[in-house]
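Chain by chain, the residues:
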Amino acid sequence: MRAFVCVKVGPTRKGVRYSRSRGVIDSTEAEREVSLADRFAVQLAKSLGPERLTAVSWAPEEDEALLKQMVALGADDVLRIATPLTEEAAHDPLVVAWGLAEAIRPHSPDVVVLGAASIEHGRGAVGPMLAEYLDLPCVTQVRSASRTDEGVRLECREGDFLVTIEAPTPLVITALPEGVTLKKPSMLHLARAAKAEVQTVEVEACSPVLRPRSFHTTEARRRLRERIEGRDVAETARLLLSRLRDRRVLG
Amino acid sequence: MDFTLPEEVEMVRRMVRDFVKDRLQPLADQVEEEDKIPDDVLQEMKELGFFGLPFPEEYGGVGVGELGYVVALEALGGANSAYGNLIGAHTGIATMSIYLGGTEEQKRKYLPELCSGEKIAAFALTEPNAGSDAAAIETTAVRKGDKYILNGNKIWITNGDIADVVIVYAVTDKSLGARGGVTAFIVEKGFPGFSVGKIDEKMGLRGSHTAELIFEDCEVPAENVLGEVGMGFLIAMKALDVGRIGLAGGAVGGAQWLLEQCIEWANQRVQFGKPIAHQQAIQWMLADMATEIHAARLMTYHAAWKLDQGQRVSREAAMVKLFASEMANRVADMAVQIHGGIGYMKEHFIERAYRDTRILRIYEGTSEIQRLVIARDLLKAGK
Ligand SMILES: Cc1cc2nc3c(=O)[nH]c(=O)nc-3n(C[C@H](O)[C@H](O)[C@H](O)COP(=O)(O)OP(=O)(O)OC[C@H]3O[C@@H](n4cnc5c(N)ncnc54)[C@H](O)[C@@H]3O)c2cc1C
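What counts, and at which threshold
Residues numbered from 1 in each chain as written. Chains lettered and ligands numbered in written order. Predicted model: local features only at pLDDT ≥ 70, side-chain atom pairs only at ≥ 80, totals over all residues. Heavy atoms only, no water. Contact = heavy atoms within 4.5 Å. Buried area = accessible area lost by both parts, 1.4 Å probe. Salt bridge = Lys/Arg side-chain N within 4 Å of Asp/Glu carboxyl O. Buried < 20%, exposed > 50% of the residue type's maximum accessible area, 1.4 Å probe, protein only. Domains from an automatic or database assignment. Polar contact = N/O pair within 3.5 Å; in protein donor to acceptor, adjacent residues only side chain to side chain. Helix = DSSP H or I, 4+ residues; strand = E, 2+ residues; numbered from the N terminus. Core = buried A, V, L, I, M, F, W, Y, C linked by side-chain atoms within 4.5 Å. Near = heavy atom within 4 Å. Areas by Shrake-Rupley, 256 points an atom, 1.4 Å probe, with all protein chains shown as cover. Nonpolar A, V, L, I, M, F, W, Y, C, P; charged D, E, K, R; others polar. Pairing = 2+ DSSP bridges. Axes fitted to C-alpha atoms, helices over the stretch in contact; angles between N-to-C directions.

Peer 1: Describe in detail the interface of chain A and chain B, supporting the description with residues and values.
Peer 2: Chain A puts 14 residues into the contact, and the matching count from chain B is 19 residues. Summing both sides of the interface, chain A and chain B together bury roughly 1400 Å²; the carbon and sulfur share of this comes to 66%. Across the contact surface, chain A and chain B share two salt bridges. The partner of B:Glu7 in a salt bridge is A:Lys68, with the nearest N and O atoms 3.4 Å apart.

Okay, here's the thing in structure tokens:
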């Protein structure tokens, strides 16, 4: 089984500041980490006992040390996607899914696992989008997984219930870190991880269908940003609604 | 000159720091009250690799060298001393004796289980009549066929009550003196004639036990001679060189943790209408503490680095053991002073730290003996 697990490095809460003067949340000074959800995804992928598990991430070079820690958690190697796209583009789930697909497709994966919480705030959107790009089926909200002769057995959350699904491979899975304890990597694995090498794959540019202004004309996008602030929450909400109507976002 | 820690060492440091904060610190009072490291914590420490840090992977170790080991012990400084003590005796001097002095066969046989923590080791040199004067040991080992028969008592042996493997130093030829006449043996729990005697009541270090070990016609197979007959004293001294550097790492970590507690307390405690941190007398103590910790840390890292380069470190090991242990005691004393009365109360962790720190100047060679080692080396080398 050839498996991939997609992880993202992001800021921890420590060091994130709200700049009142600029009206922005500033995470430039924040410590960075691979989120619990994504670390769980590595653990889940590892539990399938793949012959090779590659952690893949769309991340700047500075994050390589953190990406190497995925080796300590069980990945065999790490693939970092380098792209000329703006950082802003990396915040769009569709673009990220497209980039991941470009990097993963040539390896004909049997399983691709993603964490539930990253840029889309826990909604697990990248997984199904990536599945579309790879033309693979997708199972979401997976709590645990094991391998069978034909494919995989997955325990998934469906509302208040847990269901078990037997699925053939290849497929895409989004992991749900629910009621799990993450295994701590041993110091031996950490030491090995530190010596691991991160491979880089260049993803040239965005797909033509995904090349709308929004990803490249960041200046223009920035100019469109507006801060709406009322005396209290109710007034702010009223102002926001009227502005959305002005701009015909709401009817 | 590059002072950055290698990436693998940095990862180990972070991991141990988090483990101390999340897992060990919440159990601090329990360990103190029950005088025991909880079994599940011990198991976790084994799985995480705490027991084989400096040894190469081929023997089941983590392979982060002495520097990685020292940094891990430093990061353990925020936990009860019991943990560092357990590992210091097991890894730093006992398992280290096998690694430094053992035959290839002995290393392959014992190191993997010791590195994984499946088996715990102890180092038994001290006797009732031989402490600082380790060459005066009286435990004897006499060859009888394919066995050695050991007779004698060892005292204050850390991990003595829980050890599966004990490195025992005994006289095989009195006429040759320490160098040539002392041999090290690998004694396993269960060898006939080996038993654990009294477990000591100590001033501190609760959770870490020292015990008397009794050898009454104890039968040890001849293949369990560690390395070669007559090389025991040399192996002990080499292992102690390494152990002293690790001990210094622990001293630095403990002192750093005390400093952080003091800063927090000084900012909190209000007297004369303002936090005591505003008083220059307190600030000077904090500055002295930080300066001494910094010096000890650099000395310790340097000695560990030198050892990892395969260089001789006897003098540096004695220097860092002397300086770091004395520094840690000065820091602990200032920590009580900064805390005032509360620092003297049993309910407060500063009181525990003060008691635990005191031993650093005594075991693995007293401060006086370290000065002796340094001075002898200086006079021999002329510089
Ligand atoms: C908690 C604890 C754990 C220990 N764990 C172990 C262990 O795991 N294995 C082991 O083998 N031993 C262990 N020991 C023993 C320890 O190493 C000895 O206590 C230490 O080496 C000092 O020996 P001593 O206590 O006999 O003191 P002594 O040698 O009697 O010394 C008493 C005093 O005289 C001074 N002195 C002695 N000789 C000289 C000299 N030539 N010049 C100047 N001053 C001198 C000493 O510095 C000291 O101040 C442990 C001890 C304790 C308390």
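Peer 1: Could you give an account of the pattern of salt bridges, naming the residues involved and the relevant values?
Peer 2: According to the stated counting rule, one finds 35 salt bridges over all chains in the structure shown. We note a salt bridge from B:Lys346 to B:Glu351, for which the minimum N-O separation is 3.2 Å. Among the residues examined, B:Lys346 registers a relative accessible area of 65% and is labelled exposed. Classification of B:Glu351 by relative accessible area gives buried; the value is 11%. One salt-bridge network, held together by shared partners, links A:Arg143, A:Glu155, A:Arg157 and A:Glu178.

Peer 1: Hey, could you go over the domain arrangement of chain B for me, with residue numbers and the actual values?
Peer 2: Residue and element names in this part refer to chain B. Domain assignment breaks chain B into domain 1 (7-119), domain 2 (122-228) and domain 3 (234-381). For domain 1 versus domain 2, the separation of C-alpha centres amounts to 23 Å. Contact with domain 1, which involves 25 residues of that partner, is made by 21 residues of domain 2. In this structure, Lys-109 engages Glu-188 in a salt bridge whose closest nitrogen and oxygen atoms are separated by 4.0 Å. Our count for the domain 1 to domain 2 interface comes out at 13 residue pairs in polar contact (both at pLDDT 80 or more). Those elements giving two or more residues to the side of domain 1 that touches domain 2 turn out to be helix H2 (28-34), helix H5 (81-101) and helix H6 (104-115).

Peer 1: Just give me the short version of the nonpolar core, but keep the residues and values in it.
Peer 2: Counting residues in hydrophobic clusters, the biggest one holds 72 residues, and the most contacted among them are B:Val16 and B:Phe50. Among the elements that line this core, the one with the most residues is helix H1 (residues 7-24) of chain B, at seven residues. Not counting residues up to four positions away in its chain, the partners in contact with B:Val16 are A:Met187, B:Phe50, B:Ala72, B:Ala75 and B:Leu76. Counting 42 residues, the second-largest nonpolar core is a separate cluster that includes B:Val9, B:Leu258, B:Ala277 and B:Tyr301.

Peer 1: Pulling in residues and values, what's your account of the site of the ligand?
Peer 2: Residue and element names in this part refer to chain B. The local shell around the ligand holds 17 residues, among which Phe-123, Thr-126, Ser-132, Thr-366 and Glu-368 are the closest. Between the ligand and Leu-125 there is a distance of 2.9 Å, counted from an oxygen atom to a backbone nitrogen or oxygen. Considering the ligand on its own, with 970 Å² of exposed area, one finds that the protein chains cover 64% of that surface. With three residues, the top contributor of residues to the shell around the ligand is strand S3 (residues 147-158). Along the lines of polarity and charge, the residues of the shell around the ligand split into eight nonpolar, six polar and three charged. Counting contributing residues per domain, the shell around the ligand is built from domain 2 (122-228) and domain 3 (234-381), each supplying no fewer than three.

Peer 1: Describe the sheet that holds strand S13 (residues 198-202) of chain A, and please don't skip the residues or the numbers.
Peer 2: Backbone hydrogen bonds are what pair the strands of a sheet, in a parallel or an antiparallel way. Residues and elements named next belong to chain A. Taken in spatial order, the nine strands of this open sheet run S11-S10-S9-S12-S8-S1-S6-S7-S13, and their pairing is mixed. Pairing within the sheet leaves two strands with one partner each, and these edge strands are strand S11 (161-168) and S13. Sheet twist, expressed as the average angle between the axes of neighbouring strands with direction ignored, equals 35°. With three bridges joining them, strand S9 (residues 138-147) and strand S12 (residues 171-175) adopt parallel strand pairing.

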